[in-house]
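Here is how the chains run, residue by residue.
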Amino acid sequence: METRWATVDGVHLQLPDDCTAAELRDHLRKPDDAALIAVTGDLVSIVHDEEQPLSAMVAGCADTYYFRRPDEPDRNDLLAAPEIDDALEAPSSDETTFQRPGIDH
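Residues numbered from 1 in each chain as written. Predicted model: local features only at pLDDT ≥ 70, side-chain atom pairs only at ≥ 80, totals over all residues. Heavy atoms only, no water.

S.K.: Even after reading the chapter, I still don't get the overall build of the protein, so can you show me in this structure?
M.R.: Helix and strand content of the protein: two helices and six strands. Relative to the globule expectation of 13 Å for 105 residues, the C-alpha radius of gyration of the protein, 13 Å, shows essentially globular dimensions. Seen along its three principal axes, the alpha-carbon backbone of the protein occupies a region of about 35 × 30 × 25 Å. Within the protein, the proportion of its 105 residues that are buried is 37%. Across the protein, every contact between residues at least 6 apart in sequence was considered, and the portion connecting residues at least 24 apart equals 58%. Of the roughly 6100 Å² of accessible surface on the protein, 47% is carried by carbon and sulfur atoms. If you average the places of the 8 positive and of the 24 negative side-chain charges in the protein, the two averages end up 7 Å apart. (Helix = DSSP H or I, 4+ residues; strand = E, 2+ residues; numbered from the N terminus. Rg over C-alpha atoms; globule rule 2.2 N^0.38 Å. Buried < 20%, exposed > 50% of the residue type's maximum accessible area, 1.4 Å probe, protein only. Contact = heavy atoms within 4.5 Å. Areas by Shrake-Rupley, 256 points an atom, 1.4 Å probe, with all protein chains shown as cover. Lys, Arg positive; Asp, Glu negative; His and termini not counted. Charge placed at Lys NZ, Arg CZ, Asp CG, Glu CD.)

Given below as structure tokens:
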């Protein structure tokens with residue numbers, strides 16, 4: 001099984017390429033209501049399908065991940081993006097991807 005390095009909630013660790021959001025959550029003992037948010041370059045993805053391998057989504061290319069719980073204080077500008085709340089309220093597919101706020105294109 002291939003692995004790669006990524007940062008999850010500030011911790012740099014190895015992730016199997018085919019891991020799912022649910023497996024990552026279980027391994028890191030994150031609460032069930034925490035959404036997985038992936039950051040890759042100028043894109044942000046919110047994972048809605050917990051059982052889909054991350055490698056099959058844009059989220060699988062991320063080098064930084066965050067778990068964000070409902071109503072928790074924003075830890076940074078990225079997690080404060082209103083697009084995240086919109087995507088969590090009305091998921092439209094396996095993941096929702098949008099341009100990273102604050103990046104000029």
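S.K.: Please explain the side chain of R25 as it appears in this structure.
M.R.: Take R25: it is sitting in helix α1 (residues 21-28). Among all residues touching R25, those that are not within four sequence positions of it are K30, P31, D32, A34, A35, L36, E50 and F67.

S.K.: Explanation requested: the environment of A35 in the structure shown.
M.R.: Relative to the helices and strands, A35 resides in strand β3 (residues 35-40). Overall, A35 belongs to the buried group, its relative accessible area being 10%. When the C-alpha atoms of A35 and A22 are compared, they prove to be 10.0 Å apart, with 13 residues separating the residues in sequence. In this structure, A35 is in contact with R25, Y66, F67, R68 and L88, ignoring residues within four places of it in sequence.

S.K.: Just to check I follow, could you spell out the pattern of salt bridges for this structure?
M.R.: Any two side chains of opposite charge can pair, given that their charged atoms come close. Counted under the stated rule, the structure contains seven salt bridges. The closest approach of N and O atoms between R75 and E72, which form a salt bridge, is 3.4 Å. Look at the salt bridges and you will find they share partners, linking D9, K30, E72 and R75 into a network. (Salt bridge = Lys/Arg side-chain N within 4 Å of Asp/Glu carboxyl O.)

S.K.: How do you make sense of the environment of A59 when you look at a structure like this?
M.R.: By the element assignment, A59 lies in the loop between β4 (43-47) and β5 (64-68). Considering only alpha carbons, one finds A59 and V47, 12 residues apart in sequence, at a separation of 7.1 Å. Leave out the neighbours within four places in its chain, and A59 touches R4, A38, S45, V47, L54, Y65 and E95.

S.K.: I would appreciate a short explanation of the side chain of T40 in the present structure.
M.R.: You can see T40 is positioned in strand β3. A distance of 3.3 Å separates the side chain of T40 from the backbone oxygen of C61, its partner in a polar contact. When near neighbours in sequence (up to four residues on either side) are disregarded, T40 contacts V58, C61, A62 and D63. (Polar contact = N/O pair within 3.5 Å; in protein donor to acceptor, adjacent residues only side chain to side chain.)

S.K.: Help me understand the pairing of β5 in this model?
M.R.: In regular strands, side chains alternate between the two faces of the sheet. With four of five residues buried, β5 lies mostly within the body of the structure. Bridge count between β3 and β5: five bridges; the pairing is antiparallel. Opposite A35, over in β5, you have R68 as the bridge partner. (Pairing = 2+ DSSP bridges.)

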